[in-house]
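# Inside the fold
Here's the letter readout for the chains.
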Amino acid sequence: MPAPTAEPPRGRTTYRHGNLRGALLDAALELAREGGPDAVSLREVTRRAGVSPNAAYRHFTHRGALVHAVSQAAMAHVARAMEAEIEAAAPAGEPAARARARFRAVGTGYVRFAVTEPGWFRTAFHVPADMVHAADTTAAGEGGLTPFELLGAALDGLVEVGALPAERRPGAEFLAWSAVHGLATLVIDGPLRGVTPEQAHDAGQDVITMLERGI
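Cut-offs used in this document
- Residues numbered from 1 in each chain as written.
- Predicted model: local features only at pLDDT ≥ 70, side-chain atom pairs only at ≥ 80, totals over all residues.
- Heavy atoms only, no water.
- Helix = DSSP H or I, 4+ residues; strand = E, 2+ residues; numbered from the N terminus.
- Rg over C-alpha atoms; globule rule 2.2 N^0.38 Å.
- Buried < 20%, exposed > 50% of the residue type's maximum accessible area, 1.4 Å probe, protein only.
- Contact = heavy atoms within 4.5 Å.
- Areas by Shrake-Rupley, 256 points an atom, 1.4 Å probe, with all protein chains shown as cover.
- Lys, Arg positive; Asp, Glu negative; His and termini not counted.
- Charge placed at Lys NZ, Arg CZ, Asp CG, Glu CD.
- pLDDT = per-residue confidence, 0-100.
- Phe/Tyr/Trp six-rings, centres within 6.5 Å; stacked < 30°, edge-to-face > 60°.
- Lys NZ or Arg CZ within 6 Å of the ring centre and 35° of its normal.
- Core = buried A, V, L, I, M, F, W, Y, C linked by side-chain atoms within 4.5 Å.
- Salt bridge = Lys/Arg side-chain N within 4 Å of Asp/Glu carboxyl O.
- Axes fitted to C-alpha atoms, helices over the stretch in contact; angles between N-to-C directions.
- Parallel < 35°, antiparallel > 145°, perpendicular 65-115°, else oblique.
- Left-handed = near helix turned anticlockwise from the far one by under 90°.
- Nonpolar A, V, L, I, M, F, W, Y, C, P; charged D, E, K, R; others polar.
- Expected span 1.5 Å × (residues − 1).
- Arc of directions from axis to C-beta.

## As for the overall build of the protein chain
Tallying secondary structure elements over the protein chain gives nine helices and zero strands in all. The order of helices and strands in the protein chain, counted from the N terminus, is α-α-α-α-α-α-α-α-α. The C-alpha radius of gyration of the protein chain comes to 18 Å, within 12% of the 17 Å expected for a compact globule of 215 residues. The C-alpha extent of the protein chain, read off along each of the three principal axes, is 55 × 35 × 30 Å. Residues classed as buried in the protein chain amount to 44% of the 215 residues present. The long-range share in the protein chain, meaning contacts at least 24 apart out of those at least 6 apart in sequence, stands at 71%. With an accessible surface of roughly 10,700 Å², the protein chain has 55% of that area assigned to carbon and sulfur atoms. In the protein chain, 21 side chains carry a positive charge and 24 a negative one; their mean positions are 7 Å apart.

The structure is reproduced here in structure tokens:
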């Protein structure tokens, strides 16, 4: 299965005219990609954007507001990686096979993104502390769905083809999410940090197979 192509690192963003908020957010995304959420600071963001620190406060009244915006933007990158995996994995054939492939691609794209973009992955899940923004368009991919919504749609697809009993559908997204997120966290921040990307991929496939059999 081909890996989705990661976006090339952005160069320095220097604000000249137009969308200052967008320039600040791009600069913050650079920092998050390099060092995760802790690397995002208003002072460094404004320096990279080429404006005075006071200019940022018209758009982000405090660092927390900036980090939240970056978290949502990073989540949108997660969604795009999942979408790319879904597109690459989509098989021809009967509906049940397509639904299963979509479900597997959602988990595969999630783990792959964590391994290839750990800074953005950490940032995506840094804030908020609840699910209130899980469906915000600021966290959506090209198709308009957030990572959480992509997972939900994949599970609904399994129900539609009879691969997942309807009575087991409620709450299944939290079980599936917990499993793949747990593996991703172990790989980028835990005792599995030493595994290769190939080993992480194989472990992800095993976890997804476990989920297919257990949900």
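Continuing now.
## Notes on the confidence of the model for the protein chain
The predicted coordinates should not be examined in detail at positions where pLDDT is low. Per-chain confidence: the protein chain averages 90 in pLDDT, with 91% of residues scoring 70 or above. Low pLDDT (under 50) marks residues 1-13, which in the prediction has 37 contacts with non-local residues, meaning those over four places away or in another chain.

## Some thoughts on the packing of aromatic side chains
In this structure the tally under the stated criterion is six aromatic pairs. Ring plane angle 85 degrees and centroid distance 5.3 Å describe the contact between Tyr 110 and Phe 121, whose orientation is recorded as edge-to-face. Linking Tyr 110 in helix H5 (residues 95-116) with Phe 121 in helix H6 (residues 118-124), this pair joins segments that are 11 residues apart in sequence. The class for Tyr 110 is buried, based on a relative accessible area of 4%. An aromatic cluster is present here, built from Tyr 110, Phe 121, Phe 125, Phe 148, Phe 174 and Trp 177 joined pairwise through their rings. Positioned above the aromatic ring of Trp 120 is the side chain of Arg 33, whose terminal nitrogen or guanidinium carbon lies 4.2 Å from the ring centre.

## A look at the nonpolar core
Residues Leu 24, Val 40, Val 45, Leu 66, Phe 103 and Leu 155 are the most contacted members of the largest nonpolar core, which totals 59 residues. Setting aside anything within four residues of it in sequence, one finds Val 45 in contact with Leu 24, Ala 27, Ala 28, Leu 31, Val 40 and Leu 66.

## Structural notes on the side chain of Glu 173
Structurally, Glu 173 is set in helix H8 (residues 172-189). The class for Glu 173 is buried, based on a relative accessible area of 12%.

## Overview of the pattern of salt bridges
If you walk through the whole model with that rule in mind, you get 12 salt bridges. Of the charged contacts, one joins Glu 142 and Arg 80 as a salt bridge, the two residues approaching to 3.2 Å between their closest N and O atoms. In this pair, Glu 142 is assigned in the loop between H6 and helix H7 (147-160) and Arg 80 in helix H4 (residues 63-89), connecting sequence segments 62 residues apart. By relative accessible area, which is 66% here, Glu 142 ends up exposed.

## Here's the deal with the packing of H8 against helix H9 (residues 197-214)
Each pair of packed helices can be described by the angle between their axes along with the distance between the axes. At a minimum axis distance of 10 Å, the contact between H8 and H9 shows a crossing angle of 160 degrees. The angle between H8 and H9 falls in the class roughly antiparallel. Considering the relative orientation of H8 and H9, their crossing is right-handed. Contacts from Leu 175, Ala 176, Ala 179, Val 180, Leu 183 and Val 187 in H8 reach Ala 200, Ala 203, Gly 204, Val 207, Ile 208 and Leu 211 in H9. Residue composition of the contact of H8 with H9, grouped by class: 11 nonpolar, one polar and no charged.

## Considering H9
It helps to recall that an α-helix has 3.6 residues per turn; residues three or four apart then point in one direction. Given a rise of 1.5 Å per residue, 18 residues ought to cover 26 Å, and the 25 Å separating the end C-alpha atoms of H9 matches this to within 8%. All of the buried residues along H9 are Ala 200, Gly 204, Gln 205, Val 207, Ile 208 and Leu 211. Angularly, the buried residues of H9 cover 165 degrees about the axis, an arc narrow enough to put them on a single face. Of the residues in H9, the exposed ones pointing more than 90 degrees away from the buried face are Glu 198, Asp 206, Met 210 and Arg 213. Where H9 is buried, its residues touch H5 and H8.

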